[in-house]
Amino acid sequence: MADRVTVIGWDGSPLTEAARSALGAATLVAGAAHHLALPEVPARAERIRLGSVSLAARRIAAHRGTAVVLADGDPGFFGVVRTLRAPEHGLEVEVVPAVSSVAQAFARAGMPWDDAQIVVAQSRTLRRAVNVCRAHTKVAVLTSPGAGPAELALLLQGVHRTFVVCEELGTDRERVSVLTSDKAADVSWRDPNVVIVIGGTVGQDHTWIAGRDPAARPRGWALPADAYGEDGPGEGENDRLRAAQLARLGPRVGDLVWDIGSGSGAFAVEAARFGAAVIAVDRDIAACAQTDRNARRFGVPLQILRGSAPHVLEDLPEPDVVRVGGGGAAVVSAVADRRPERIVTHASTRDEAELIGRDLTEHGYVVECALLQTVELDTRAWTERERAVAFLICGELEARGESPR
């Protein structure tokens, strides 16, 4: 039985001496059709067309001989190595890497990629991958059949992005196309492909950490009003209440957050700072403009819609979590019809809180309610400066797992 497998990455360039040597000794070779067609694959070797990596790993483990797995790019980067190393297979894995498809794609585009987010788009993760593209200015998407450039473009729904689509990298059929996201849905794309999604201002000066530099954002969250300058939150947007709302919703990378009745945009901006995609909705044009200014101030992409809830919500993509900052019980009920994982809102009276809580319970949510009272003191004289009281209502959908929607 095989207890060792050599995994060879292939990027279209000639195989290295180490890769040729491993292939020459192989009695079993697993890979995609274009890998198995390589002239270096021994004619005598058993060949496995790679579909399920787990099934292939079982066959490799049961094989009496020397096994090799061929994979595109760097097989240790969102590749087959993770599955092959699973303890149940009992395989010792040796890797001969190649340049990853993401590195090749950014090289073709002539762009740095240490500040990029990298996601895998499959049928189960497509929606979350799209949310990352909404929330970040530079994203590389490793696509799959049925979750490619056209599907990404369709789900972005009016969010303008530039696509760099790199098809069949490293082959004679390689093609690199640059186009806006609204055009990408009308093209038939070849697999495999990598999509670089660009939006907003890109490029950072930091060089010490991959991804977004945490030091580029103010320290802390639920920031006080003076952090927003002249566009600070107005009455009813208490930062302590905002802290409790953020804590209950827990926005994260891959989520889509609705902020209904966004006001100054303080909540929307802070949810976006956690890496979530955010759609901010308000019926007041001045509030929308204020939200836009605050998003620019903190360097986060937001989709801002002017309109009145609940009607404006009908065509929005499905949310993961929702904050209702205005509109009362009717808007909360309309949001609950869309079944987000969590909903948070506030009320000024116990009767209003009870009405909202009962409606959420009827929709299948587990409801908690707390009366929050904050008193801000002037520490120069230790006298009361401001007092705020509100009922915080949070609904969490019952029987909901953590799997991506």
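Notes on the structure in this doc start here.

Conventions used here
Residues numbered from 1 in each chain as written. Predicted model: local features only at pLDDT ≥ 70, side-chain atom pairs only at ≥ 80, totals over all residues. Heavy atoms only, no water. Helix = DSSP H or I, 4+ residues; strand = E, 2+ residues; numbered from the N terminus. Buried < 20%, exposed > 50% of the residue type's maximum accessible area, 1.4 Å probe, protein only. Contact = heavy atoms within 4.5 Å. Pairing = 2+ DSSP bridges. Axes fitted to C-alpha atoms, helices over the stretch in contact; angles between N-to-C directions. Core = buried A, V, L, I, M, F, W, Y, C linked by side-chain atoms within 4.5 Å. Parallel < 35°, antiparallel > 145°, perpendicular 65-115°, else oblique. Left-handed = near helix turned anticlockwise from the far one by under 90°. Nonpolar A, V, L, I, M, F, W, Y, C, P; charged D, E, K, R; others polar. Disulfide = S-S within 2.5 Å. Phe/Tyr/Trp six-rings, centres within 6.5 Å; stacked < 30°, edge-to-face > 60°. Salt bridge = Lys/Arg side-chain N within 4 Å of Asp/Glu carboxyl O. Arc of directions from axis to C-beta. Right-handed = clockwise from strand over helix to strand, strands pointing away.

1. Considerations on the overall build of the protein chain
When you go through the protein chain residue by residue, the secondary structure sums to 13 helices and 17 strands. With respect to the principal axes defined by its C-alpha atoms, the protein chain has extents near 85 × 45 × 40 Å. Relative to its full complement of 405 residues, the protein chain shows a buried share of 49%. Partitioning the contacts of the protein chain with sequence separation of at least 6, the portion at a separation of at least 24 is 63%.

2. Quick notes on the sheet that holds strand S14 (residues 321-324)
Ordered by their spatial adjacency, 7 strands build an open sheet running S13-S12-S11-S14-S15-S17-S16, and the pairing between neighbours is mixed. In this open sheet, the two strands that pair with only one neighbour each are strand S13 (303-306) and strand S16 (365-378). Each neighbouring strand pair of the sheet contributes to a mean axis angle of 20°, computed without reference to strand direction. Against the sheet, helix H6 (residues 126-135) contacts strand S11 (256-260), strand S12 (277-282) and S13, and its axis sits at roughly 70° relative to S12.

3. Remarks on the nonpolar core
Val257, Phe267, Val269, Ala271, Val278, Val300 and Leu302 are the most contacted members of the largest nonpolar core, which totals 25 residues. Looking at this core element by element, the count peaks at 6 residues for helix H10 (residues 266-273). Sequence-distant contacts of Ala271, defined by excluding residues within four places in its chain, comprise Leu246, Pro251, Val257, Ala276 and Val278. Ala135, Ala347, Tyr365 and Ile393 belong to the second largest nonpolar core, which has 24 residues in total.

4. Description of the environment of Ala105
Relative to the helices and strands, Ala105 is located in helix H5 (residues 101-109). Counting along the chain gives 152 residues from Ala105 to Val257, while the straight-line C-alpha distance between them is 30 Å. Once you skip the residues sitting within four places of it in the chain, Ala105 turns out to touch Cys166, Leu169, Val194 and Ile196.

5. Side note on the packing of H6 against helix H7 (residues 149-156)
The geometry of a pair of packed helices is captured by two quantities: the angle between their axes and the separation between those axes. Running from amino to carboxyl end, H6 crosses H7 at an angle of 65°, the nearest separation of the two axes being 10 Å. When the axes of H6 and H7 are compared, the pair comes out roughly perpendicular. Between H6 and H7 lies a crossing whose hand is right-handed. The residues of H7 that touch H6, namely those facing Leu126, Val130, Cys133 and Arg134, are Glu151, Leu152, Leu155 and Leu156. Across the contact of H6 with H7, the residue classes break down as 6 nonpolar, no polar and 2 charged.

6. A closer look at the state of the cysteines
Taken as a whole, this structure holds 0 disulfides when the rule is applied. No disulfide involves Cys166; its sulfur sits 14 Å from the nearest other cysteine sulfur, which is in Cys133. Judged by relative accessible area, which is 1%, Cys166 ranks as buried.

7. Brief notes about the packing of aromatic side chains
Counted under the stated rule, the structure contains 4 aromatic pairs. Pairing Phe77 with Phe78 gives two aromatic rings, centres 5.1 Å apart and planes at 75°, and the pair type is edge-to-face.

8. Observations regarding the pattern of salt bridges
Tallied over the full model, the rule gives 28 salt bridges. For the salt bridge of Arg385 with Glu376, the shortest nitrogen-to-oxygen distance reads 3.0 Å. For Arg385, a relative accessible area of 48% translates into the label partly exposed. Of the residues examined, Glu376 reaches a relative accessible area of 27% and is grouped as partly exposed.

9. Re helix H3 (residues 53-62)
The periodicity of an α-helix, 3.6 residues per turn, causes residues three or four positions apart to be oriented the same way. Regarding H3, the residues found buried are Val53, Ala56, Ala57, Ile60 and Ala61. Taken end-on, H3 shows its buried residues confined to a sector of 140°, consistent with a single buried face. The inward-facing, buried residues of H3 contact strand S1 (4-10), strand S2 (28-31), strand S4 (67-72) and helix H4 (81-84).

10. With respect to the pairing of S14
Residues of S14 alternate between two faces, with Val321 and Arg323 on one and Val322 and Val324 on the opposite face, all of them buried. With 4 bridges connecting them, S11 and S14 associate as parallel partners. Paired with Val257 across the bridge in S14 is Val321. Judged from the 4 bridges that link them, S14 and strand S15 (residues 342-347) form a sheet pairing that is parallel. Within the sheet, the bridge partner assigned to Val322 lies in S15 and is Ile343. The parallel pair S14 and S15 is bridged by helix H12 (residues 328-336), and the resulting crossover is right-handed.

Geometry only, nothing functional implied.
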